[in-house]
Amino acid sequence: MKEKITLDHVMSNAPDLIFYAAPILIGLALLECYFSWKQKKKLYEKKDFLASLSIGLVSVLQNLLIKTLLFGSVIWLYNLVPWSIPVNWATSILCFVVLDFFRYWAHRFGHETSIFWATHVTHHNSEKYNLSTSFRLSWTQQIKVVFFLPISFLGFHPVIFFICHQIAVLYQFWIHTEYIRKLPKWISFIFVTPSHHRVHHGKNEHYLDKNYGSTFIIWDRMFGTFQPEDEQAVYGILEQPRHYNPVKLVFHVWVDIYKNMRKAGSIKKAALILFQPPDRLKKYE
């Protein structure tokens, strides 16, 4: 019979890598900002950078406050099932690959359904593409934990899961840059690169809803959502906000959903709005 895992055990054995890495990431973004200014590349805009930084700092603090809740749901499911996967290097790598598979689908649903787009749009509503863009993580994205519960159900240890999850999040940082262009083919065939992710952030017609991969681009190749970079991306979203208010940048799609649901006419229609494609949401001023 497997040993029951406690919250204290996970919190004491799963270091908060993102919290410790935050000063380094901010420093690298500032360095990129300096080189952009020095080389007159105009990759940064002051108000946009401050909005990204504000959103990111709140997100880090928020995660510190609610990680008990997130840890608890994962631990609860892990303890519920009678099986477990042994902890070693091979299974840890397997956990990372399985996690990346679910991150692909979480990301894809984040673009294809209104409720999850509302948790993700913040990451896309900048017209700039630089390292600070990786800081723009919605304050409501935690509801996407539902996509990762199957990892606990499969029997992967919660400590391994949370370490892998944080590494996957940190991987996202370096791919948000214009400075790294094309990488060797063997790398870009397997891994998500800045070139792939620039496509994902582009609102060029043939770039929309492409390259959802987190660490591995192979999922996009397998499921028909891969698009190579063949022209300069135009960044932002189709309904581009014309302000830099961090609160509005986080919640503007939630406001649209709420207003649509109020006018739906029935509970069933209101519920369906949550899962319809984002482009079907009526915009209210």
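Before any of the text, the structure's been laid out above.
On a predicted model such as this, the values are computed, not experimentally measured, just so you know. The residue numbering used here restarts from 1 in each chain and proceeds along that chain's sequence as written. For this predicted model, a pLDDT threshold of at least 70 governs which residues receive local features, and a threshold of 80 or more governs which side-chain atom pairs are given and counted, while totals over whole chains, interfaces and linings are taken from all residues. Water and hydrogen atoms were dropped before computing side-chain values, which therefore reflect all heavy atoms in the structure.

## Looking at the pattern of salt bridges
Under the convention used in this document: We define a salt bridge as a contact between a side-chain nitrogen of Lys or Arg and a carboxyl oxygen of Asp or Glu at a distance within 4 Å. Only DSSP runs of H or I covering at least 4 residues are called helices, and only runs of E covering at least 2 are called strands; the numbering of each starts at the N terminus.
Overall, the coordinates contain 8 salt bridges when judged by the stated rule. A salt bridge links E229 to R181; its shortest N-O distance comes to 3.8 Å. Separated by 48 residues along the polypeptide, E229 in the loop between α10 (218-223) and α11 (246-262) and R181 in the loop between α7 (158-174) and α8 (185-190) bring together distant segments of the chain.

## Some thoughts on unusual backbone geometry
For residues other than glycine, phi is negative in most cases, and the peptide bonds are mostly trans. Under the convention used in this document: A 1.4 Å probe rolled over the protein chains alone gives each residue an accessible area, and that area as a share of the maximum for its type sets the label: buried under 20%, exposed over 50%, partly exposed in between.
With a phi close to 55 degrees, K40 is a non-glycine residue in the positive phi region. Within the secondary structure, K40 sits in the loop between α2 (17-38) and α3 (46-80). Backbone geometry places N211, a non-glycine residue, at a positive phi of 55 degrees. As for its placement among the helices and strands, N211 is situated in the loop between α9 (194-201) and α10. The class of N211 is buried, set by a relative accessible area of 1%.

## Things to note about a nonpolar patch on the surface
Heads up, the rule is: Think of a patch as exposed residues, more than 30% relative accessible area, with no salt bridge, where like charges cluster within 9 Å and nonpolar side chains (Val, Leu, Ile, Met, Phe, Trp, Tyr) cluster within 5 Å. Where accessible areas are quoted, they stem from the Shrake-Rupley method and a 1.4 Å probe; at the residue level, only the protein chains shown are allowed to cover.
On the surface, a nonpolar cluster with roughly 720 Å² of combined accessible area is contributed by I24, L28, L31, Y34, F35, W37 and Y179. Positionally, L28 belongs in helix α2. A residue is classified by how much of its surface remains accessible, and L28, at 38% relative accessible area, is partly exposed.

## Thoughts on empty space enclosed by the protein
Which entries qualify depends on this criterion: Each cavity reported here is a set of points on a 1 Å grid over the protein atoms alone in which a 1.4 Å probe fits but cannot get out, each pocket an open set with protein on both sides within 12 Å along at least five of seven lines, and each lining residue one with an atom within 4 Å of a point. Grid points are joined across faces, edges and corners, and a volume is the space filled by probe spheres set on the points. All residues other than Ala, Val, Leu, Ile, Met, Phe, Trp, Tyr, Cys, Pro, Asp, Glu, Lys and Arg, Gly among them, are scored as polar; the first ten of these are nonpolar and the last four charged.
Counted under the stated rule, the structure contains 2 cavities of 30 Å³ or more. Empty space within the largest cavity amounts to approximately 1,100 Å³. The wall of the largest cavity is formed by 48 residues, among which I18, L137, Q141, H165 and V169 lie closest to the centre. Breaking the lining of the largest cavity down by element, the ones donating at least two residues are α2, α3, α4 (89-112) and α7. Here the lining of the largest cavity gets 11 residues from one element, more than from any other, and that element is α3. Its volume calculated, the second largest cavity comes out at about 30 Å³. Considering the residues around the second largest cavity, the lining is formed by I85, P86, V87, T91, S92, F156, H157 and I160. Here the residues of the lining of the second largest cavity are counted per class, giving 5 nonpolar, 3 polar and no charged.

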